[in-house]
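The chain contents come next:
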Amino acid sequence: MSQKTNSIEKQRYEALSTFRYKLRCFLRFSEDAAREEDITALQYQLLLHTQGIPGRQWASISEIAELLQTQVHGVVALVTRCEEAGLVERRPSEQDRRQVEVHLLPPGRRKLVRLAAQHASQLSALVDAVTLASSIDEKP
């Protein structure tokens, strides 16, 4: 291996290491921020994803499962816990009776607004790490 190849490879490892560190810092921040709102990080993500579907103010169970990269039955349990906490409610779909819509309730919206604002301020460090990691020349 040439010295140039070793140098680029080392830069790539350093950039990827920095990215993984910044990503973990962001996730740790998210976990701590959610805990301060008396919810879990997954509950925060569920609240966020109910509002993250373009063109509407709700998400289906299967959409949330995809966004969380988990199984539908796990999301059903998560939605149940969020319902019990008064954060969301399930509604049958008017278009498709097989589908259940998950809607944010006012207490859930208040938590989401606070947490989303806090998360936005943390994104710049993550963006910088992604930019650095993706800027390293991949060709030896």
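Thresholds applied
- Residues numbered from 1 in each chain as written.
- Predicted model: local features only at pLDDT ≥ 70, side-chain atom pairs only at ≥ 80, totals over all residues.
- Heavy atoms only, no water.
- Helix = DSSP H or I, 4+ residues; strand = E, 2+ residues; numbered from the N terminus.
- Rg over C-alpha atoms; globule rule 2.2 N^0.38 Å.
- Buried < 20%, exposed > 50% of the residue type's maximum accessible area, 1.4 Å probe, protein only.
- Contact = heavy atoms within 4.5 Å.
- Areas by Shrake-Rupley, 256 points an atom, 1.4 Å probe, with all protein chains shown as cover.
- Lys, Arg positive; Asp, Glu negative; His and termini not counted.
- Charge placed at Lys NZ, Arg CZ, Asp CG, Glu CD.
- 1 Å grid on protein atoms, 1.4 Å probe; cavity = no way out; pocket = protein on both sides within 12 Å on 5 of 7 lines; lining within 4 Å.
- Points joined across faces, edges and corners; volume = space filled by probe spheres on them.
- Nonpolar A, V, L, I, M, F, W, Y, C, P; charged D, E, K, R; others polar.
- Pairing = 2+ DSSP bridges.
- Axes fitted to C-alpha atoms, helices over the stretch in contact; angles between N-to-C directions.
- Salt bridge = Lys/Arg side-chain N within 4 Å of Asp/Glu carboxyl O.

## A word on the overall build of the protein chain
Now for step 1: Along its length, the protein chain carries five helices and three strands.
Now for step 2: Written out in order from the N terminus, the α and β elements of the protein chain read α-α-β-α-α-β-β-α.
Now for step 3: Its C-alpha radius of gyration of 19 Å places the protein chain more than 25% over the 14 Å reference for a compact globule of 140 residues.
Now for step 4: In terms of its C-alpha atoms, the protein chain occupies a principal-axis envelope of roughly 65 × 35 × 25 Å.
Now for step 5: Evaluated residue by residue, the protein chain yields a buried proportion of 31% over its 140 residues.
Now for step 6: Put simply, 54% of the contacts in the protein chain that link residues at least 6 apart link residues at least 24 apart.
Now for step 7: Total accessible area computed for the protein chain in this model is approximately 9100 Å², and 53% of it derives from carbon and sulfur atoms.
Now for step 8: With 19 positive and 18 negative side-chain charges, the protein chain shows a spacing of 1 Å between the two charge centroids.

## Considering the layout of surface pockets
Taking a probe equal in size to a water molecule and rolling it over the atoms shows the remaining empty space.
Now for step 1: Estimated volume of the largest pocket: approximately 150 Å³.
Now for step 2: Considering the residues around the largest pocket, the lining is formed by Phe-26, Leu-27, Ser-30, Glu-31, Ala-41, Tyr-44, Gln-45, Leu-48, His-119 and Leu-123.
Now for step 3: Grouping the constituent residues of the lining of the largest pocket by class yields six nonpolar, three polar and one charged.

## Quick look at the environment of Gln-57
Now for step 1: Within the secondary structure layout, Gln-57 lies in the loop between helix 2 (41-51) and strand 1 (58-60).
Now for step 2: Residue classification places Gln-57 among the partly exposed positions, given a relative accessible area of 48%.
Now for step 3: In this structure the C-alpha to C-alpha distance between Gln-57 and Glu-101, which are 44 residues apart in sequence, comes to 9.6 Å.
Now for step 4: In contact with Gln-57, other than residues within four places in its own chain, are Thr-50, Gln-51, His-103 and Arg-109.

## What to know about the sheet that holds strand 1
Now for step 1: Taken together, three strands build an open sheet; the order of strands is 1-3-2 and the sheet is antiparallel. For this open sheet the edge positions go to strand 1 and strand 2 (88-92), each flanked by a neighbour on one side alone. Direction aside, the axes of adjacent strands within the sheet are offset by 30° on average.
Now for step 2: With five bridges connecting them, strand 2 and strand 3 (residues 100-104) associate as antiparallel partners.

## Description of the pattern of salt bridges
Now for step 1: All chains considered together, the criterion is met by 10 salt bridges.
Now for step 2: Residue Glu-31 is joined to Arg-24 by a salt bridge in which the shortest nitrogen-to-oxygen separation is 3.3 Å.
Now for step 3: With relative accessibility at 42%, the residue Arg-24 sits in the partly exposed group.
Now for step 4: Salt-bridge contacts for Arg-114 lead to Glu-37; the nearest nitrogen and oxygen are separated by 2.8 Å. Taken as a pair, Arg-114 in helix 5 (residues 106-135) and Glu-37 in the loop between helix 1 (3-36) and helix 2 lie far apart in primary sequence, 77 residues in all.

The analysis is restricted to geometry; functional conclusions fall outside its scope.
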